[in-house]
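Fold and geometry: a report
Residue strings, one per chain:
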Amino acid sequence: MPTTEHERATQHRLTVVVPLRPGAETAARALAAEGPPFDPGELPLERHELLLSPGEAIFVFEARTREALESVLDALDVWTAADTWRDLVAAPPRPATVAYSWRREPHLDAVGLGF
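Before going into details, it helps to say that this report is about the structure given with it. (Residues numbered from 1 in each chain as written. Predicted model: local features only at pLDDT ≥ 70, side-chain atom pairs only at ≥ 80, totals over all residues. Heavy atoms only, no water.)

**Things to note about the environment of P95**
The condition that has to hold: Labels follow the DSSP assignment, with helices taken as runs of H or I lasting at least four residues and strands as runs of E lasting at least two, numbered in each case from the N terminus. Accessibility here uses a 1.4 Å probe with only protein chains present; expressed as a share of the type maximum, an area under 20% marks a residue as buried, one over 50% as exposed, and anything in between as partly exposed. Residue contacts follow a heavy-atom distance rule, with two residues in contact if any of their heavy atoms lie within 4.5 Å.
On the secondary structure map, P95 appears in strand 4 (residues 94-96). Relative accessible area serves as the criterion here: at 63%, P95 is assigned to the exposed category. P95 sits 36 residues away from F59 along the chain, and the two C-alpha atoms are 9.5 Å apart. Ignoring anything within four residues of it in the chain, the contact list for P95 reads T15 and V16.

**Observations concerning the nonpolar core**
Put simply, the rule is: By nonpolar core we mean a set of buried residues, namely Ala, Val, Leu, Ile, Met, Phe, Trp, Tyr and Cys, connected to one another through side-chain atoms within 4.5 Å.
Core analysis: the largest hydrophobic core is formed by 19 residues, its most contacted members being L20, A57, W85 and L88. For this core, the elements supplying multiple residues, two or more each, are strand 1 (13-19), helix 2 (25-33), strand 3 (56-62) and helix 3 (66-75). Those residues in contact with L20 that sit more than four places away from it in its chain are A28, L52, S53, P54, G55, E56, A57, W85, L88 and A90.

**Observations concerning the sheet that holds strand 4**
Threshold: Strands pair, by our definition, only if DSSP identifies at least two bridges between them. Each axis is a line fitted through C-alpha atoms, and for a helix only the stretch in contact is used; angles between axes span 0 to 180 degrees, taken between their N-to-C directions.
If you walk across this open sheet you meet the four strands as 2-3-1-4, and the pairing is antiparallel. The open sheet has two edge strands with one neighbour each: strand 2 (47-52) and strand 4. Averaged over all pairs of adjacent strands, the angle between strand axes in this sheet comes to 25 degrees, irrespective of strand direction. Note: strand 2 against strand 3, six bridges, orientation antiparallel. Of the residues in strand 3, the one forming a bridge with E49 is V60.

**Concerning the environment of P22**
Assignment of secondary structure puts P22 in the loop between strand 1 and helix 2. In this structure, the C-alpha to C-alpha distance between P22 and E56, residues 34 residues apart in sequence, is 9.6 Å.

Below, the structure written as structure tokens:
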């Protein structure tokens, strides 16, 4: 079965779930508002997201290739970032993987000059 473009992209994604202490969501949102402790534009990332819920922070890193993703992880100062979040974290971070994904493929009505 051939691999779709979306499936290939998810092979170069790292998702990390960080359980938060009760009541830590507000402080986590304040940290998120400051942005990451690195410049995503300086790294070979295609996408970086932080999702928050009352009980979890979910960090998503995406790159075009596995090597690019590994270089991002090597370049990040994870210990500095972890220190910033230390008082908010309830348990060790854990990786998450995609169990289901759906994406509408682009539909091209015409080919040409964009008309």
